[in-house]
Amino acid sequence: MRSILKDALTAREFADCMQVTYFCVIRWLRKGLVPGAAKQKSPAGPYWAIPVEALKMERPKPGRPKGWRK
């Protein structure tokens, strides 16, 4: 899949490259865990622009953070 963005990936492309689901990537983006990602506006609607360098990031560990209490 080719990106329509120069030097950036969409959330779906990033998910494919990281071998995780699209919804997992959206969760990471909303939590601010993807370095350099920015929400962009377009006539078709908003989208996430993720720099290619973000593919080098370490995957967040699944589950609740250590020390978390309800």
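Residues numbered from 1 in each chain as written. Predicted model: local features only at pLDDT ≥ 70, side-chain atom pairs only at ≥ 80, totals over all residues. Heavy atoms only, no water.

**Some remarks on unusual backbone geometry**
- Despite not being glycine, Q19 shows a phi value in the positive range, around 60°.
- With respect to the element layout, Q19 can be found in the loop between α1 (11–18) and α2 (22–31).
- Relative accessible area serves as the criterion here: at 69%, Q19 is assigned to the exposed category. (Helix = DSSP H or I, 4+ residues; strand = E, 2+ residues; numbered from the N terminus. Buried < 20%, exposed > 50% of the residue type's maximum accessible area, 1.4 Å probe, protein only.)

**Quick look at the nonpolar core**
- In terms of nonpolar packing, the biggest core is built from 16 residues, with F14, V25, W28, L29, V34 and I50 touching the most fellow members.
- Every element with two or more residues in this core is listed here: α1, α2 and β3 (47–51).
- The element that contributes the greatest number of residues to this core is α2, accounting for five residues.
- In this structure I50 touches A8, L9, T10, A11, F14, V25, L29, V34 and A37, once residues within four positions along its chain are discounted. (Core = buried A, V, L, I, M, F, W, Y, C linked by side-chain atoms within 4.5 Å. Contact = heavy atoms within 4.5 Å.)

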